[in-house]
Amino acid sequence: MNPLLNKAAAYCAAAEHCRSEVQTKLLQWGASASQTGDILDQLEDQGFISESRYCAAFVNDKIRFQGWGKEKIRMALKQKRLPTSLIEEAIDAFPQEEYEEQMHSIIARKAATLSDTDPYLRQAKLARFLASRGFSYSDAADAISSILNL
């Protein structure tokens, strides 16, 4: 068996990886372009790589553990050259109630650190913060107004 295939299989078995990540690793390890394509196809056939499974795991981890919004996740997955249909499917599969709870929790923690007394200034700072985390303005506006009682 090909030693690069074994190494790539072990890499994929340790954590979820998408095709582009494994391709980058294989090239770093000295595989040729043709070898890389063959190895990636074998890994997909054997179930080591699944882009739909990767998208679902990525969305889950980024929302639950890093507090990212859907827009930031969408952009990160597009940078990994994943199909838009898989990205949207994974984002839509995440429970909306849990997403909103995460967003409310993030807003509440950030609001507690703000010392401004002007409610509009607080609202603007929270909106910018949520935008930097990848939350859409429409989602953020509703959550901010409920947190600040506007």
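In the block above lies the structure referred to throughout.
Structure report, in brief. (Residues numbered from 1 in each chain as written. Predicted model: local features only at pLDDT ≥ 70, side-chain atom pairs only at ≥ 80, totals over all residues. Heavy atoms only, no water.)

## A few points about the overall build of the protein chain
Thought 1: When helices and strands are tallied, the protein chain shows nine helices and zero strands.
Thought 2: Secondary structure elements in the protein chain, listed N-terminal to C-terminal, are α-α-α-α-α-α-α-α-α.
Thought 3: A compact globule built from 150 residues would reach a C-alpha radius of gyration of about 15 Å, whereas the protein chain, at 20 Å, exceeds it by more than 25%.
Thought 4: Here the C-alpha coordinates of the protein chain stretch approximately 65 × 25 × 20 Å along the principal axes.
Thought 5: Looking at the protein chain residue by residue over its 150 residues, the buried ones come to 38%.
Thought 6: Nonlocal contacts in the protein chain, meaning residues at least 24 apart in sequence, comprise 61% of its contacts between residues at least 6 apart.
Thought 7: With the model as given, the accessible surface of the protein chain reaches about 8300 Å², and the carbon-plus-sulfur share is 51%.
Thought 8: Of the side-chain charges in the protein chain, 18 are positive and 20 negative, and the distance between the mean point of each set is 9 Å. (Helix = DSSP H or I, 4+ residues; strand = E, 2+ residues; numbered from the N terminus. Rg over C-alpha atoms; globule rule 2.2 N^0.38 Å. Buried < 20%, exposed > 50% of the residue type's maximum accessible area, 1.4 Å probe, protein only. Contact = heavy atoms within 4.5 Å. Areas by Shrake-Rupley, 256 points an atom, 1.4 Å probe, with all protein chains shown as cover. Lys, Arg positive; Asp, Glu negative; His and termini not counted. Charge placed at Lys NZ, Arg CZ, Asp CG, Glu CD.)

## So, the state of the cysteines
A covalent bond between the sulfur atoms of two cysteines is what we call a disulfide.
Thought 1: In this structure the tally under the stated criterion is zero disulfides.
Thought 2: Take Cys12: it sits in no disulfide, and the sulfur closest to it among the cysteines is that of Cys18, at 9.6 Å.
Thought 3: Residue class for Cys12 comes out buried when judged on its relative accessible area of 6%.
Thought 4: Among the cysteines around Cys18, which has no disulfide bond, Cys55 carries the closest sulfur, lying 8.0 Å off.
Thought 5: Residue Cys18 is classed as buried on the basis of its relative accessible area of 0%. (Disulfide = S-S within 2.5 Å.)

## Some remarks on unusual backbone geometry
Thought 1: Notably, Arg81 is not glycine yet its phi reads approximately 60°, a positive angle.
Thought 2: With respect to the helices, strands and loops of the structure, Arg81 is situated in the loop between α5 (70-79) and α6 (84-93).

## A word on the nonpolar core
Thought 1: Ranked by internal contacts, the top residues of the largest apolar core, which has 30 residues, are Val59, Ile73, Leu77 and Leu130.
Thought 2: Of all the elements in the fold, those that place two or more residues in this core are α4 (51-66), α5, α6, α7 (96-113), α8 (119-133) and α9 (137-148).
Thought 3: Ranked by size, the runner-up nonpolar core spans twelve residues in total, among them Leu4, Leu5, Cys12 and Leu26. (Core = buried A, V, L, I, M, F, W, Y, C linked by side-chain atoms within 4.5 Å.)

## As for the packing of aromatic side chains
Thought 1: As enumerated under the stated definition, the model contains four aromatic pairs in all.
Thought 2: Centre to centre, the rings of Phe58 and Trp68 are 6.2 Å apart; their planes meet at 75°, and the pair counts as edge-to-face. A residue pair is termed long-range when its members are at least 10 positions apart, and Phe58 in helix α4 and Trp68 in the loop between α4 and α5 qualify at ten residues. Judged on exposure class, the residue Phe58 and its partner Trp68 are both buried.
Thought 3: Judged by centre distance (5.5 Å) and plane angle (40°), the ring pair of Tyr99 and Phe135 falls under tilted. Of this pair, Tyr99 sits in helix α7 while Phe135 sits in the loop between α8 and α9, and the two are 36 residues apart along the sequence. (Phe/Tyr/Trp six-rings, centres within 6.5 Å; stacked < 30°, edge-to-face > 60°.)

## With respect to the pattern of salt bridges
Opposite charge on two side chains permits them to pair, given that their charged atoms come into close proximity.
Thought 1: Going through the model one piece at a time under the given rule, you end up with eight salt bridges.
Thought 2: Among the ionic pairs, Arg53 bridges to Glu16, the shortest N-O distance being 2.6 Å. Linking Arg53 in helix α4 with Glu16 in the loop between α1 (3-14) and α2 (19-28), this pair joins segments that are 37 residues apart in sequence.
Thought 3: Looking at Arg53, the relative accessible area reads 34%, which means it is partly exposed.
Thought 4: Judged by its relative accessible area of 30%, Glu16 is partly exposed.
Thought 5: Between Lys125 and Asp116 there is a salt bridge, with the nearest N and O atoms lying 2.6 Å from each other.
Thought 6: Given the relative accessible area of 30%, Lys125 is considered partly exposed.
Thought 7: The network of salt bridges with shared partners includes Arg19, Asp41 and Glu44. (Salt bridge = Lys/Arg side-chain N within 4 Å of Asp/Glu carboxyl O.)

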